[in-house]
Structure formats: structure tokens, C-alpha cells
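Summary of the model geometry
Single-letter residue listing:
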Amino acid sequence: ASESAAKLPSKILDLMDGFKASKALFVASKLKMFDYLKNKGPLKAVDVANEVGTSVCGTERLLDACVALGLLEKTSQGYSNTDSANTYLTSDGEYSLHGYIIHSNDHLWPLFTNLESAVREGSRQNHRAFGRKAEDLFKDYYHSQEVKQRFMAAMHSIAHLTARDVATAFDLSQFKSTCDLGGCTGALAHELIQIYPNMKVTVFDLPEVIANISYFQPSEQCAAPVTFVSGDFFKDNLPEADLYILSRVLHDWPDEKIHVLLSKISAVCKPGCGILLAEMVLDDEKKNRSTALLQSLNMLVQTEGKERSGSEYQGLLEQHGFANVKIRLTGNLLDVVLCVKT
Ligand code: SAM
């Protein structure tokens, strides 16, 4: 028996099951099971079902699957969260991924259902997934308050998880002022102020986003608060700064749009001023990082952008007068590219 087990293609079998595991995590999160278990656990399946308003038989199977996936623990008293479920899966956990998980379930899942069409056609699938032709990616996200809030919560959860590693990948203390273009809820901006207390930090984003940021601000006020400015970075004047940050912004756009944005930044940058990119940087051969390469498929199904390699980012930046391009792979979800205007 062990000989035949050795021949099992376990990697392939795991991949075949991957979507079931993802959906089990998404549904347990959507039903807030990790929140109930944090506050009231350990609980029996019947108690979780009563709290959530679900069937006992379905709830028990979902909870058992979550135990087997390492998300929950099961004892004779019932089910309880693992430490990592408390930190990452509850909606108020320190590094909650709840927002991104709900976004994955409600938005990315229907898009990935159309991956085959995306690959055949080489284009995004919003019309198939949501029955609406996408004119502009962000207009699409911001057409309803609910979808906007969900998207912002998703961005916030990943930005919060990555902010420290992004902010400390390089010593940024020579930059006295920073503008985070497309900085959304300000999660990275707040981290920058913690690490560089003398830095003046501005977040620039679309008016629909800036109108909605209050929910995401930290409860403790900092000595030097973050400034929020609304505008369109393709059309409007950019705030003055020594360092411009583009975190998960370039991956949303095709090269033509990136050239528009970089030339605008270059026009307002004095020599010595910098650009910092935070992205999942692909290896030059594009074969090693499955998280980043799957993210590039994620960009295919919903944007005109893609993930790029370090040398692709370097090429784009150098065309706009930025040099000394340095890349740090952080080991976190986002890597960092820093360059200065010559
Ligand atoms: N930088 C944040 C992060 O890493 O979590 C958010 C990344 S999100 C993928 C892209 C951000 O760019 C959104 O907040 C979006 O509103 C903003 N954005 C898109 N188009 C914009 C434009 N034309 N002008 C200003 N901000 C824009």
C-alpha cells in the first residue's frame, strides 16, 4: 500500500482540491464562524448553527473541513479557533484578512469562474461575471457603496499586513515628504509615520475613496496626522513630495497608462526625489513564484494590467529619468522597488 501511495501525484491532487478548500474558508468567513468561535468558543456544531442560522448537518461538515485544513481545533468541548484564525480570520483580528477573503468570495471567485474565457480572449471578464461591461476598473468598484466598502476593506487588510515590511525594506529617512498615490485607506501611510515620525505623509486617491476613509483610520491619533487629498492621478496635479509611492497601482494598468503616470511624476520630481513601488515582483524568467503568477492571472480576469518582473519595472522607471533602481524581495506579499530621479 505504501508503495502505491508513493506514486500518488499528491501535488496534483491537492491542486484539484484547492478550490474546495478556498470555498470552505470563504464560506466559514462569510458566515462569521471565526468571530463566533473567538467570542464564544469552544462551541458544538449545533450551537454554531444556531448562532449563524445554518443547518446543523452542513455546519458540522464545514467545521470538520476547517479542522482538517488546520483553521480550527476540535476537542470534546467542541470547535475553537486556532491562534492563526484568531489573528487573521476574525473580522477584528490584529491582521485580519477578512476583508480580502470576502472580496475573494464575492468578486474574484465569479471572475475566476471565467478564467477560460479570459485566457482565450486575453481580456478581463467583468461583463461575464457581473453582467456589466467594465468601462473603467475603479468606476466598476465604486458604483455602489457596498462594493466600494468591500474593495477598500480588502485593500486595507493586505496593506496592513504588508505595511511594515514595505516601509522598512529601505531606509527612507532622507525623504522628508511622501505622497502615496492610490494610497486608499492610508494603511501604509500610517505605518510610515510610525517608522519615520518626521515624515510628512499625504495619501492621494479618487474622491469616492477619500470620502470613505474614516472607517479605516486608527483609533489613536498620531502626532503628525496623515493628509488625504482627492484627485485623479492621470489628470490632476500631484501633491508635492520627495518620495512618491505606488503600491499595487502599476499592476492595475497597461504600459501605455503607466507611461502617462510616470511621466507626470517625473515632471514634478526634483533630482534626488524618488519613487517607491510595492508590488509582487516576478522573477525575470517568470517561473518561480506561484503566488505572484496566480496574481497575474487575477489581473488578467479583471484589469488591463499584469504583474511584472524586476527588470520590467526597471525598464519602465528608467524611461522616465529614474535610476539606481534597487529591488528588495521582502518575503511578505509585496516586494519593494526604490529608485531616484537623476
Ligand atoms: N495602494 C493601496 C494598497 O496597496 O493597498 C491600494 C491599491 S488598489 C489596487 C489601487 C488604488 O488606486 C485604489 O485605491 C484606487 O482608488 C486608486 N486609483 C485608481 N485609479 C486612480 C486614479 N486615476 N487616481 C487616483 N487614484 C486612483
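Computed from a predicted model, the values in this text were never measured in an experiment. (Residues numbered from 1 in each chain as written. Predicted model: local features only at pLDDT ≥ 70, side-chain atom pairs only at ≥ 80, totals over all residues. Heavy atoms only, no water.)

**Quick word on the domain arrangement of the chain**
By domain assignment, the chain separates into domain 1 (2-95) and domain 2 (104-341). For domain 1 versus domain 2, the separation of C-alpha centres amounts to 32 Å. Between domain 1 and domain 2, a total of about 670 Å² is buried, with carbon and sulfur atoms accounting for 67% of that surface. On the domain 1 side of the contact with domain 2, Lys23, Phe26 and Tyr95 bury the most area, a combined 64% of that side's loss. Inspection of the domain 1/domain 2 interface yields one salt bridge. Across the pair Lys30 and Asp106 runs a salt bridge whose closest N-O atoms are separated by 2.9 Å. The tally of links from domain 1 across to domain 2 stands at three residue pairs in polar contact (both at pLDDT 80 or more). Per-element tally for the side of domain 1 that touches domain 2: the top contributor is helix α2 (residues 10-30), with five residues. (Domains from an automatic or database assignment. Buried area = accessible area lost by both parts, 1.4 Å probe. Salt bridge = Lys/Arg side-chain N within 4 Å of Asp/Glu carboxyl O. Polar contact = N/O pair within 3.5 Å; in protein donor to acceptor, adjacent residues only side chain to side chain. Helix = DSSP H or I, 4+ residues; strand = E, 2+ residues; numbered from the N terminus.)

**Thoughts on the site of the ligand**
Lining the immediate environment of the ligand, one finds 18 residues, of which Tyr142, Gly182, Asp205, Ser247 and Arg248 sit closest. In the environment of the ligand, an oxygen atom lies 2.5 Å from a nitrogen or oxygen atom belonging to the side chain of Tyr142. A distance of 2.7 Å separates an oxygen atom of the ligand from a polar atom in the side chain of Ser247. If the ligand stood free it would expose 590 Å²; the protein chains cover 96% of that surface. Looking at the shell around the ligand, the element that brings in the most residues is helix α11 (residues 145-168), giving three residues. (Near = heavy atom within 4 Å. Areas by Shrake-Rupley, 256 points an atom, 1.4 Å probe, with all protein chains shown as cover.)

**Considerations on helix α4 (residues 45-52)**
Within α4, the full set of buried residues consists of Ala45, Val48, Ala49 and Val52. Seen end-on, α4 carries its buried residues on one side only, within an arc spanning 100°. Looking at the buried positions of α4, the neighbouring elements they touch are α3 (33-40), α5 (56-68) and β2 (78-81). Gly53 sits one or two residues past α4 and shows a positive phi near 85°. (Buried < 20%, exposed > 50% of the residue type's maximum accessible area, 1.4 Å probe, protein only. Arc of directions from axis to C-beta. Contact = heavy atoms within 4.5 Å.)

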